[in-house]
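These are the residues of each chain, in order.
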Amino acid sequence: MIHSLVMIGFFLAGVIAGHIGLVPSRAGSATAAMWVLYALLLLVGVTIGSNGKVLSLLKRAGAKLLLVPASTVVGTLIGAAAASIFIGLSLGESMAVGAGFGYYSLSSILIAKTADDLPGVSGSLAVIALLSNIFREVLTIASSPLLAKYLGGYAPVLAGGATTMDCTLPAVAKYSGSEYVTVALLNGIALTFLVPVLVPLILRACCRGT
Amino acid sequence: MLGIFAILSIGLLAGWMLRRRKRLISVCELLITATLLCLMGVLGAWVGCNEEVMGNLPELSLQAGSICLCSVAGSILLFRLAGRVLRGRPVGDS
């Protein structure tokens, strides 16, 4: 929880600094964020690659184990599509935001970059993606005790989406139990690799020509 | 998108090659936190610099919250519907 609050604190500090003109406009651009994101992805790749357990985990992954990431993907997209009915966004925009699966940094920048090529897409969509995916991470951490108690140990894993391999993993381990850590890791890794595929794909497929 | 996969793949390969150098890997983990904080600041500045976004922040937050809640609810509901085969014990453990 403290981790998420520190992240939100840095985000709010950036918002205030940008709003009162403390940072040059180039620093507060999608391009600047993209370069920082590249550095982050490289480091994430290094830590996943150095973890010998990941390979053996993938070898052991059976059909049942894959039901968790599959349910997260399909359920998230159905939920986001349902939300589009009453929030004033198109089906594609809403589903693209949902397809971030909690990976706020990557999804918001991907949407900002893709939206540049698609004039029909709302200019604020990247901000909605950023906020929605931050909310998902915070919601998972804050509600894990209740979700695990009333909806079962898998519920925090499903709620966490791509964040279950890092930020929300401690909450899953604590409230669902250590036996859910393996499936949480697999879920997080699978969704992390799906975000850069699904977000631009959905946005381009649904919003082209709108 | 290809660039992102290329960077992730380079990272995976580098991580696999450096897997025995635990100290270096723990430095990478610290750098992830630092980079993530930096990214949040940059993203915040990106939002703060945009007057149109700042003017509509409450509405955008409401839309973001709605998508978040529906996405989480959709995932859990679908899993519960499809998950009868998993009933019994958690998967992924021997």
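Residues numbered from 1 in each chain as written. Chains lettered and ligands numbered in written order. Predicted model: local features only at pLDDT ≥ 70, side-chain atom pairs only at ≥ 80, totals over all residues.

## Points about the overall build of chain A
And then number 1: Broken down by element type, chain A carries 10 helices and zero strands.
And then number 2: Listing every helix and strand of chain A by position from the N terminus yields α-α-α-α-α-α-α-α-α-α.
And then number 3: Per-residue burial over chain A gives 57% buried out of 210 residues.
And then number 4: A sequence separation of at least 24 residues applies to 67% of the contacts in chain A between residues at least 6 apart. (Helix = DSSP H or I, 4+ residues; strand = E, 2+ residues; numbered from the N terminus. Buried ≥ 20, exposed ≤ 12 C-beta atoms within 10 Å, placed from the backbone. Contact = placed C-beta atoms within 7 Å.)

## As for the overall build of chain B
And then number 1: Looking only at helices and strands, chain B features four helices and zero strands.
And then number 2: Starting at the N terminus and walking to the C terminus, you meet the elements of chain B as α-α-α-α.
And then number 3: For chain B, buried positions account for 38% of its 94 residues.

## Observations regarding the nonpolar core
And then number 1: Within the largest apolar cluster, 93 residues are counted, with the highest numbers of intra-cluster contacts made by Ala 99, Ile 111, Val 195 and Val 199 of chain A together with Leu 43 of chain B.
And then number 2: In this view, Ile 111 of chain A contacts Ala 96, Leu 125, Ala 126, Ala 129, Val 199 and Leu 203 of chain A; residues no more than four positions away in its chain are not counted. (Core = buried A, V, L, I, M, F, W, Y, C linked by C-beta atoms within 7 Å.)

## Some points on the interface of chain A and chain B
And then number 1: Across the boundary between the two partners, chain A contributes 80 residues, which contact 65 residues of chain B.
And then number 2: Put simply, the parts of the chain that give the side of chain A that touches chain B at least two residues each are helix H1 (2-19), helix H2 (30-50), helix H4 (63-87), helix H5 (91-98), helix H6 (104-117), helix H7 (125-151), helix H8 (154-160) and helix H10 (181-207) of chain A.
And then number 3: With 18 residues, the single largest contributor to the side of chain A that touches chain B is H2 of chain A.
And then number 4: Counted by class, the side of chain A that touches chain B contains 52 nonpolar, 25 polar and three charged residues. (Nonpolar A, V, L, I, M, F, W, Y, C, P; charged D, E, K, R; others polar.)

## What about the packing of H7 of chain A against helix H4 (residues 57-82) of chain B?
And then number 1: Contact geometry of H7 of chain A with H4 of chain B gives a least axis separation of 8 Å together with a crossing angle of 40 degrees. What the angle tells us is that H7 of chain A and H4 of chain B run oblique. At the point where H7 of chain A passes H4 of chain B, the crossing takes the right-handed sense. Here H7 of chain A contributes Val 127, Ile 128, Leu 131, Ser 132, Phe 135, Arg 136, Leu 139 and Leu 151 of chain A to the contact with H4 of chain B, which in turn contributes Leu 60, Ser 61, Gln 63, Ala 64, Gly 65, Ile 67, Cys 68, Ser 71, Val 72 and Ile 76 of chain B. (Axes fitted to C-alpha atoms, helices over the stretch in contact; angles between N-to-C directions. Parallel < 35°, antiparallel > 145°, perpendicular 65-115°, else oblique. Left-handed = near helix turned anticlockwise from the far one by under 90°.)

## Description of H5 of chain A
And then number 1: Burial analysis of H5 of chain A places seven of its eight residues in the buried class, which makes it a mostly covered element.
And then number 2: For H5 of chain A, every residue scored as buried is listed here: Gly 92, Glu 93, Ser 94, Met 95, Ala 96, Val 97 and Gly 98 of chain A.

## Some points on the confidence of the model for chain B
Note that predicted coordinates carrying low pLDDT should not be read in detail.
All names here are of chain B.
And then number 1: When pLDDT is averaged along chain B, the result is 81, and 85% of the positions lie at 70 or above.
And then number 2: Overall, residues 90-94 carries pLDDT values under 50, and its contacts beyond four positions in sequence, including any with other chains, amount to 14 contacts.
And then number 3: If you check the scores for this complex, the pTM reads 0.77 and the ipTM reads 0.82. (pLDDT = per-residue confidence, 0-100.)

## Things to note about the environment of Leu 31 of chain B
And then number 1: Here Leu 31 of chain B is to be found in helix H2 (residues 22-49).
And then number 2: With 26 residues separating them in the primary sequence, Leu 31 of chain B and Phe 5 of chain B have C-alpha atoms 20 Å apart.

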